[in-house]
Every structure is written in C-alpha cells, then in structure tokens.
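# Summary of the model geometry
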Amino acid sequence: MKKAFTLLSALCVAFAASAQSPAAQTDDRQAEGYRFTDHKVVATTPVKNQHRSGTCWSFSTLSYLESEILRAGGAPVHLSEMWIARHSYMEKAEKYIRLHGCLNFGEGGALHDVTETIKRYGIVPFEAYPGLEYGTDKPDFREFSTVTKGYLDAVIAANAQKGAPLSTAWKRGFNAILDAYFGPLPETFVYEGKEYTPKSFAATLPLDMDNYVELSSFTHHPFYTQFILEVPDNWSWDTVYNLPIEELMQTVDYALENDYPVAWSTDVSERGFSRTKGLGIVPEENIDHMGGTESARWGGLTEAEKQAALYKFDGPVPEKKITQQMRQEAFDNYETTDDHGMVLIGIATDQLGNEYYKVQNSWDTVPPYEGFWYFSRPFVEYKTLTVMVNKNAMPKEIRKKLGL
C-alpha cells in the first residue's frame, strides 16, 4: 500500500510538471538565474587590471593583439599598456597645445591609438616597462591626470597673456612629468635572454599593424566609406570604415567563428549593464513587441514592477530588436557614448537559447566569471561604437565593398 501510494504521488508530481504552462516553465528557468554555455572561445592571455586609470583602450587592444599572437602560433606575452599610454600622452599634449586647449585631453583613447603607436615606436613587454613609478603596484591616474592637464593649461594661459611664442622648454617639462610617473622610455632592453629595441621586438611578433582595421555603423556618413568618428576620445581624428549594422555583425561572427578575436569599444552606462552580474542586456520594455505568453506575463505588471523585473538580472528577459535607426538615434542623443574598451572572445547562449558574446574585460579577475563577461547580441548590435578586426578575418564580399 505504501509503495502504491508513493508511486501514485510520483505520477501526480510528474503529471503536474508536464502540465505546467509555458509561462510557468519560463518563470522556473528564469528563477535559475543566467546559465551560459560557451560554443566558441578563442585563446586569450590572462585578464589584466587597469585599476584606477582610464586606459581601457590600451588594455583591451593589447589583450586583443596578445590573442592575435596566440592565434598565429606565437608565445604568450604581456605587452606594456603604459608604453602605449606614455607615447599617446606626448602626442596628445602636442595636439592639445597646437589647438589652444580645444581638444579632449584626458585618460581616454581609441583602439587605433594602440596600433598607430606600435607602428611609430614599436612595443615592449610589460616586464621591460611596467610604467608604475608613482608608488603603487597598479595603475592609478588620479594625481597624474590632474598634474598633466594643469601643466598644459598653464602653458597655454601664460602664452595667451603675454602674446609671445611658446617657450622651447614646455615639451621638455612635460616629458619630465611623464618620466616621473611612468619612468624613462628604454632604448634597449633584455627579454628572455635577448636584447631588443622596441622596434626590433615588435618585428619578432607575428603581427602586421597594417592588417588591422576599425569598423563602425552609423547613417550620418555613407556606408562603405571611411569617416572620423565624432567622439571625444578620438583625439587623433583617425578614421573608421562604415558598414550597415547587419554586415558589421556578420563580420564579428565570421571572425569569432574562424578563431579571430575582435577588439570592441562600447557604452557601459546603460541600466542593462550590471557589474555585479557580469552581464549586458537590452530589455524589451514594450509588451506589444513580445510573444503571446511573454506579453501576457508582463502585461499584468505595473510599470514599476515591470522595470524592477526587467533590470533585476535574475534570469533571461525578452530583449529589444535593434535597428539601424535605433543605433543612430541613441548616438545622436548622447545615449550611446564612448565609455569602455573590451575584447569579444567567444560566442555563447543562455539556458533559453538566446545568443551572447563572451568578453574579456580589464577590471581584474572578478566574479562571477573571473573577469570575463557576457553581453547579449542585442547589446552588441545597439551599443557598439567600433570594432577592430584583422582584415583577413572579414568575409570576402565585405572586404571587397570596402576596397580592402
């Protein structure tokens, strides 16, 4: 009798589970939180820590190039982020002075600043130039940024008052500040028992800086042309290639599927970005765009309840369908800003089959994914400013349209 009762109870439970409504099943899966399955991940070097410095552009692009070295069969290497930052600061200072201070002078930069610096000056490993001469073991630019901008503004103000030519000393003075905070630039160094110059070391790496191109997708410039992306951190006024968003995403997918990483500049100021969850999403707030069961589920909530549920990050939610017009409007309205640089290193799905990109960040090996993050496909479609790819990682028909 006890066995029969137990069997009957089990059957009832099984029947109840099988009869559960689709909406209830979705709720159960959401209650489990986000569970990701990686389907494609390229080789990477360890996650770095930019700490209190706005040099994500240097950290991300060098991590990208380090992955490119691995892809090409080279040995793992940690390239010096501060070597890049130091050179960029000097060039940015010259342009800031030349433009009488009418230029964004700050810690930010762009992906192409790294490749252009390597072209001009070469590169060194981190061991040869840590660039930490101000008493900490991690980058901390709080004092440095105030000092450097204050110096340049003083040079401009002094010469505006007296109406005289600039002195021949200001560059030496600024360079001395850079030496004090970063350390003098080495002309030669020894790495793994061999002596190099920065350019001879760069020549040993399986990298060709001319192979790297930057792509974007906006309608205020013609597609399949180059344009200067109008964001403050593009202080060098370098150009990017313009593609329709569908072809930009096609390029990203093609690169990752063929074992190429993708450097990525994006906006992380949205509510759909969560530091604690290691996640970026674009929740759909208009229930008219949802399916039947989802629409019914969300339609019963008040506006406050809906907002709280959409941004609770406790499980997958419906996301917006991104269009070219949405991207453009967000950029024109300052909703999409040039905030952060990272590296797209993989393709994943959540437990409901929604697509995500696995991303390498430079905020240390923090939980929940040890310094890696997951951004939904709609987030990448919506909030991408630029990507950098090896032109050999692009579909041939798209390369042809760009004349590459």
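Packing of helix α4 (residues 81-98) against helix α5 (residues 111-121) leaves a shortest axis separation of 10 Å and a crossing angle of 90°. Of the possible angle classes, the one that applies to α4 and α5 is roughly perpendicular. For the pair formed by α4 and α5, the contact residues are W83, I84, H87, S88 and E91 on the first element and D113, V114, T117, I118, R120 and Y121 on the second.

Turning next to helix α7 (residues 170-182). If you check α7, its first and last C-alpha atoms are 18 Å apart, about what 13 residues at 1.5 Å a residue would give, namely 18 Å. Where α7 ends, the next residue or the one after it, G183, has phi of about 105°, a positive value.

This part takes up the packing of aromatic side chains. Counting across every chain of the model gives 33 aromatic pairs. The residue whose ring lies beneath R275 is W363, and the NZ or CZ to ring-centre distance is 4.0 Å. The positively charged end of K383 is found above the aromatic ring belonging to Y382, 4.4 Å away from the centroid.

This paragraph deals with unusual backbone geometry. P367 connects to P368 through a cis peptide bond whose omega is 5°. With respect to the helices, strands and loops of the structure, P368 is situated in the loop between β11 (355-360) and β12 (372-376).

The next point concerns the nonpolar core. Ranked by internal contacts, the top residues of the largest apolar core, which has 55 residues, are L65, I118, I123, F182 and F201. Of all the secondary-structure elements, those providing two or more residues to this core are α3 (56-71), α4, α5, α6 (142-162), α7, β2 (189-191), α8 (198-204) and β10 (340-349). Counting residues per element, this core draws most heavily on α4, which supplies 9 residues. Beyond its immediate chain neighbours, meaning those up to four positions away, I118 contacts L62, L65, I84, I123, A202 and M209. Grouped together as the second largest cluster of nonpolar side chains are 35 residues, L248, M249, W373 and I398 included.

The topology assignment puts A255 in helix α9 (residues 245-257). Its relative accessible area of 0% is what places A255 among the buried residues. In sequence terms A255 and V389 are 134 residues apart; their C-alpha atoms lie 7.6 Å from each other. Not counting residues up to four positions away in its chain, the partners in contact with A255 are Y260, V262 and A393.

This brings us to the environment of Y96. Following the sequence through the fold, Y96 ends up in helix α4. Residues Y96 and K149 lie 53 residues apart in sequence; the distance between their C-alpha atoms is 9.6 Å. Not counting the four nearest positions on each side in its chain, Y96 is found in contact with G101, L103, F105, K149, L152, D153 and I156. For Y96, the side chain forms a polar contact with the side chain of D153, separated by 2.5 Å.

Before going further, it helps to spend a moment on the environment of V190. Its place among the elements puts V190 in strand β2. V190 gets classed as exposed once you look at its relative accessible area, which sits at 59%. With 65 residues separating them along the chain, V190 and P125 place their C-alpha atoms 9.9 Å apart.

With that out of the way, let us pick up the packing of α3 against α5. For the pair α3 and α5, the least separation of the axes is 8 Å and the interaxial angle reads 65°. Handedness of the crossing formed by α3 with α5: right-handed. Of α5, the residues touching α3 (which contributes W57, S58, S60, T61, L62 and L65) are L111, D113, V114 and I118. Of the residues belonging to the contact of α3 with α5, the class tally is 6 nonpolar, 3 polar and 1 charged.

A few words on the confidence of the model for the protein. On average, residues of the protein carry a pLDDT of 91, and 89% of them reach 70 or more. When the criterion is pLDDT under 50, residues 1-30 qualifies, and its contacts beyond four places in sequence or with other chains add up to 13 contacts.

Here the focus is the side chain of D253. Structurally, the position occupied by D253 is in helix α9. Residues in contact with D253, not counting those within four places in the same chain, are Y357 and R377.

Moving on, we come to the pattern of salt bridges. This model, assessed by the stated rule, comprises 18 salt bridges. R86 is the salt-bridge partner of D179, the closest N and O atoms lying 2.9 Å from each other. Here D179 is found in helix α7, whereas its partner R86 is found in helix α4, with 93 residues between them in sequence. Among the residues examined, D179 registers a relative accessible area of 25% and is labelled partly exposed. For R86, a relative accessible area of 3% puts it in the buried group. Residue K119 pairs with D210 through a salt bridge whose shortest N-O separation is 3.2 Å. Taken together, the residues K119 in helix α5 and D210 in the loop between α8 and β4 (212-216) connect sequence positions 91 residues apart. Linked through salt bridges whose partners overlap, the residues forming this network are E91, E116, K119, R120 and D210.

Further remarks concern α9. Look at α9: 18 Å from first C-alpha to last across 13 residues, which is about the 18 Å you get at 1.5 Å a residue. If you check which residues of α9 are buried, you get I245, E247, L248, M249, T251, V252, D253, A255 and L256. A positive phi of about 70° marks D259, the residue just after α9.

Burial of β12 is extensive: 5 of the 5 residues sit out of reach of the surface. The alternating pattern of β12 places F372, Y374 and S376 on one face and W373 and F375 on the opposite face, and all of these are buried. Summarising the sheet, strand β9 (residues 279-280) and β12 pair through 2 bridges and their orientation is parallel. Bridge pairing links G280 to F375 in β12.

Conventions and cut-offs
- Residues numbered from 1 in each chain as written.
- Predicted model: local features only at pLDDT ≥ 70, side-chain atom pairs only at ≥ 80, totals over all residues.
- Heavy atoms only, no water.
- Axes fitted to C-alpha atoms, helices over the stretch in contact; angles between N-to-C directions.
- Helix = DSSP H or I, 4+ residues; strand = E, 2+ residues; numbered from the N terminus.
- Parallel < 35°, antiparallel > 145°, perpendicular 65-115°, else oblique.
- Contact = heavy atoms within 4.5 Å.
- Expected span 1.5 Å × (residues − 1).
- Phe/Tyr/Trp six-rings, centres within 6.5 Å; stacked < 30°, edge-to-face > 60°.
- Lys NZ or Arg CZ within 6 Å of the ring centre and 35° of its normal.
- Core = buried A, V, L, I, M, F, W, Y, C linked by side-chain atoms within 4.5 Å.
- Buried < 20%, exposed > 50% of the residue type's maximum accessible area, 1.4 Å probe, protein only.
- Polar contact = N/O pair within 3.5 Å; in protein donor to acceptor, adjacent residues only side chain to side chain.
- Left-handed = near helix turned anticlockwise from the far one by under 90°.
- Nonpolar A, V, L, I, M, F, W, Y, C, P; charged D, E, K, R; others polar.
- pLDDT = per-residue confidence, 0-100.
- Salt bridge = Lys/Arg side-chain N within 4 Å of Asp/Glu carboxyl O.
- Pairing = 2+ DSSP bridges.

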